[in-house]
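A structural walkthrough
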Amino acid sequence: MQISKNLLLGLGLAGLIMASVVSEPAFAADKVSLFKVITAKDEIVIGLSDDELAQVDGRNAGGIAKMLVAKGAMSVWQYAVHKSATGDLEQAPLHRIGLISNDALRVEPYPTPLKVLPVDETKK
């Protein structure tokens, strides 16, 4: 199983921050919930807005997994850790990806102490 350097660095930094800072997850005004999707090849973090999550049965990871199996595939935003202009780390949308139910083995909530940015509507 090969993990990209950016993902490994992001997970390592998030782990260090989570170990040193006790806080609850931070969410932007549009409220984006993060989830980790585990496949046979890798792990990715995805974000769903409250509007997208409202379409999911149960509004949780189990509902996302059910929806993925029912639809066969879904289009979501992949999130990654990056530095803001002020140098702070935050979770930001990276790019739109397609999830295929055959590839996803598990979906789970992804708590983070970092600020979570909403999707920029102009990039949709």
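Presented here is a report on the structure given in the accompanying data block. (Residues numbered from 1 in each chain as written. Predicted model: local features only at pLDDT ≥ 70, side-chain atom pairs only at ≥ 80, totals over all residues. Heavy atoms only, no water.)

**Examining the nonpolar core**
Counting 17 residues, the largest nonpolar core has F35, V37, I46, I64, V76 and L99 as the members making the most contacts within it. The set of elements that each furnish at least two residues to this core consists of β1 (32–39), β2 (43–49), α3 (61–71), β3 (73–83), β4 (89–100) and β5 (104–109). Top element by residues in this core is α3. It accounts for four residues. Leave out the neighbours within four places in its chain, and V37 touches D42, E43, I44, I46, L99, A104, R106 and V107. Judged by nonpolar contacts, the second largest core, of eight residues, contains L34, W77, Y110 and V116. (Core = buried A, V, L, I, M, F, W, Y, C linked by side-chain atoms within 4.5 Å. Buried < 20%, exposed > 50% of the residue type's maximum accessible area, 1.4 Å probe, protein only. Helix = DSSP H or I, 4+ residues; strand = E, 2+ residues; numbered from the N terminus. Contact = heavy atoms within 4.5 Å.)

**Describing the pairing of β2**
Of all the seven residues making up β2, five are buried; the element is thus mostly covered by neighbouring parts of the structure. In this structure, β1 lies alongside β2, joined through seven bridges in antiparallel fashion. If you follow I38 over to β2, its bridge partner there is E43. Counting the residues that bridge the hairpin from β1 to β2 gives three residues. The sheet contact formed by β2 and β3 spans three bridges and is antiparallel. Looking across to β3, one finds that V45 is bridged to Y79. (Pairing = 2+ DSSP bridges.)

**Things to note about the sheet that holds β4**
The mixed open sheet is built from six strands, whose spatial order is β5-β1-β2-β3-β4-β6. Both outer strands of the open sheet, β5 and β6 (115–116), are each paired with one neighbouring strand and no more.

**Considerations on the side chain of E90**
Structurally, the position occupied by E90 is in strand β4. Despite its burial, E90 remains without a salt bridge, the nearest opposite charge being carried by K115 at 4.6 Å. Residues in contact with E90, not counting those within four places in the same chain, are A80, V81, H82, S84, L114, K115 and L117. (Lys, Arg positive; Asp, Glu negative; His and termini not counted. Salt bridge = Lys/Arg side-chain N within 4 Å of Asp/Glu carboxyl O.)

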